[in-house]
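Summary of structural features
Okay, here's what each chain looks like letter by letter:
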Amino acid sequence: MVKLVLLLDRRWSGGVSTHSIGLLLSTLALKKLIEERYRKLEVELYFIAQEGDFSKFYKGDFEQLYEKYLEGNIKEIIKYVTNNIYKKPLNKISLDRLVDELSRDDIDFKIFGNLGSFLFNSLGEKQNLDKILNRDNFIITAHSDFAGDLLTDIYGAMVLNPYASKYVSIETRKKIEDLFKRRLEKGYTDEYVTKEVIMILNDLLYGNDTDSIIFNVKKGFLEDELRKYINLMTKLKDGYIIFPTDILYKQTNNLLKSLNNFGLNLFIGNPIVMHEPMYMVTLERAYPEEVNIYKEGYKEMYKDTDKVWLLYSGRISPERGSNELLKLYEDLIKEGKKVGLIIISDNIDEDSEFYKKILELANKYKGVEVHLYGKSFGNSLHEDPLYYIGLLKALGELKNTIYINPTYLESYGLAILEALIFGNLITMYRDVSGLRELKERGYLNYKLSFKDYQELKNKIIKVIEDIKNGNYDSYINKDVIEKLKEEVDPEKIAEKYAEIIYRYLESKSTEEEIIENKNEEVLAVI
């Protein structure tokens, strides 16, 4: 029997949360693959959840989910995660119990769904990591640029914080602001920014003796964050670390180089660049008839219009480019373009500034039509993704929609890949980090990237004209999209995980056989 553990991090919204569902489906497929080779695979499932200011830990029922998987009941598996069904009081476990269970000697392999699972809680303490990551039998997936996250935290604490001027020099605040701007302009955290962030952080933590209570709280948070990250990085010489893009691996490597300037010896022993599993591929395959019903409903909604629709899906925030999205829409309306705007986001409500700006546009101009899908409006497509797949397919068949990703920061680009795979949509995107890499790998159309607002506006006006002239398909490469869909299929990802685990188990078996043979030789001599 092979024994495996899976730890999923449900504390964050967005890509990490979505990835946890895809990884669960891949692990369910993995069980089937491994059992075909090793007879029996036992999987223990654990979750990290955020409750108030604290991380809480739960044990899930993997065998129950596996039964549903074999039945094809994918919706129930997804609801188990998204509706927090695993968070029953009886399933809650302590940190100490989680550490003990993740440290058992009889576990053959461990899969951790997020590098950040060991941060912002006590899992990242050295004594716990020494127990959990005590061998090379683990996979950890990475999602975010930690140096960039540190810079964002420092920027918020030292530049945006109105009290910062009392305990941080003008020169330091200006340098932090310049680094933050450089990162946004470049679209990624380069080696220079990474090095400077570590130098500034070191000075703030150990070269500033202010007695400000506010500052010391911020210092304590940043110091704890960095200390646990270093603890974790010391363990990554072993095991396998999976990155969704090469640029994220390089950014992580740049950070380790900067930390090594302080006498450390940090490196990643076995980096792997691999697509993240897209759970909606499995969902669509399981419920094609239901998807078709929703698709036809949305086609009825959007077919009787001469508008071209702009589509955005994701978080509403300045760094995601949402302000530029509204500016673009307003400029197009002012110039007499017949365009509508579809926004899919669960962090917008009627009290938000973004929503108020939409109302201002509607009152100011004729022809404004904005469709909002989100939790606050009772029509969240993220909570019921079959509807989202149906919408994307409908818009793709109508050939009247442009998907726009105006984000300044993107380590991968799951939402834009969803628009491609399920809608065959024209996808416009800012030329930054993960999206740039997807372009260079041939998944995104190089003609549709933009570096600044003016380039976005110029290109979208041209694309709108091409759509009006019936040239929608000139921007679509269906062969590439089919290839991409196969590569992000959780079942295909499971095959790659299986190969990693097979290699480990077989090398371990060979090693044990060699040791056993040597012992037999010693006994024979005696």
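Residues numbered from 1 in each chain as written. Predicted model: local features only at pLDDT ≥ 70, side-chain atom pairs only at ≥ 80, totals over all residues. Heavy atoms only, no water.

1. Points about the sheet that holds strand 13 (residues 426-430)
Strand pairs in the sheet, formed through backbone hydrogen bonds, run parallel or antiparallel to each other. Put simply, the rule is: A strand pair is defined by DSSP finding two or more bridges across the two strands. Every helix listed is a DSSP run of H or I at least four residues long, and every strand listed is a run of E at least two residues long, numbered separately from the N terminus.
Read from one edge of the open sheet, six strands run 11-10-9-12-13-14, paired in parallel fashion. The sheet is open, and its two borders are formed by strand 11 (370-373) and strand 14 (449-450), each paired with just one other strand. As judged from the three bridges shared by strand 9 (residues 308-313) and strand 12 (residues 401-405), these two strands associate in the parallel manner. Bridging from a neighbouring strand, Leu311 pairs with Tyr403 of strand 12.

2. Considerations on the pattern of salt bridges
Operational definition: Salt bridge, as applied in this entry: a Lys or Arg side-chain nitrogen positioned within 4 Å of an Asp or Glu carboxyl oxygen. Think of it in three bands: with a 1.4 Å probe and only protein chains considered, a residue is buried below 20% of the maximum accessible area for its type, exposed above 50%, and partly exposed in between.
Taken as a whole and judged by the stated rule, the model has 53 salt bridges. Across the salt bridge formed by Glu51 and Lys92, the nearest N and O atoms sit 3.4 Å from each other. You can see Glu51 sitting in strand 2 (residues 41-51) and its partner Lys92 sitting in strand 4 (residues 92-93), a full 41 residues away along the chain. We classify Lys92 as partly exposed; its relative accessible area is 39%. When salt bridges with common partners are traced through the structure, they connect Glu44, Lys59, Arg97 and Glu101 into a single cluster.

3. Remarks on the pairing of strand 10 (residues 339-344)
How we decide: When the strands point away from the viewer and the path from the first strand over the helix to the second turns clockwise, the crossover is right-handed.
Most of strand 10 sits out of view: six of its six residues are buried. Residues Val339, Leu341 and Ile343 line one face of strand 10 and the alternating positions Gly340, Ile342 and Ile344 line the opposite face, and both faces are buried. Where strand 9 meets strand 10, six bridges bridge the pair, whose relative direction is parallel. The residue of strand 10 that forms the bridge with Trp309 is Gly340. Viewed along the sheet, the connection from strand 9 through helix 13 (residues 322-334) into strand 10 turns out right-handed. When strand 10 meets strand 11, the two strands line up parallel, connected through four bridges. Among the inter-strand pairings, Ile342 is bridged to a residue of strand 11, identified as His371. In this region the chain leaves strand 10, passes through helix 14 (residues 353-364) and returns to the parallel neighbour strand 11; the handedness of that crossover is right-handed.

4. Focus: unusual backbone geometry
Phi is positive for Phe120, close to 60 degrees, though the residue is something other than glycine. Within the fold, Phe120 resides in the loop between strand 5 (109-112) and helix 5 (126-132). Despite not being glycine, Lys399 has its phi angle at roughly 55 degrees, a positive value. What makes Lys399 partly exposed here is its relative accessible area of 31%.

5. Here we look at the confidence of the model for the chain
Note the following rule: Per-residue confidence from the predictor is reported as pLDDT, a score between 0 and 100. Contacts are assigned to residue pairs with any non-hydrogen atoms lying within 4.5 Å of each other.
For the chain, the average pLDDT comes to 91, and 94% of its residues sit at 70 or higher. Low pLDDT, under 50, characterises residues 517-523; the stretch is placed with zero contacts to residues that sit more than four places away or in other chains.

6. Some points on the packing of aromatic side chains
For clarity, the cut-off: Ring pairs are drawn from Phe, Tyr and Trp, using the six-membered ring of Trp, whenever the two centres fall within 6.5 Å, and their geometry is named by plane angle: stacked under 30 degrees, edge-to-face over 60, tilted for the rest.
Evaluation of the coordinates by the stated rule reveals 16 aromatic pairs. Both rings, one in Tyr38 and one in Tyr502, keep their centres 6.0 Å apart while their planes meet at 45 degrees; by these two values the pair is tilted. Linking Tyr38 in helix 1 (residues 15-38) with Tyr502 in helix 20 (residues 490-525), this pair joins segments that are 464 residues apart in sequence. Among the residues examined, Tyr38 registers a relative accessible area of 24% and is labelled partly exposed. Relative to Phe118, the ring of Phe112 lies with its centre 5.1 Å away and its plane at 65 degrees, an arrangement referred to as edge-to-face.

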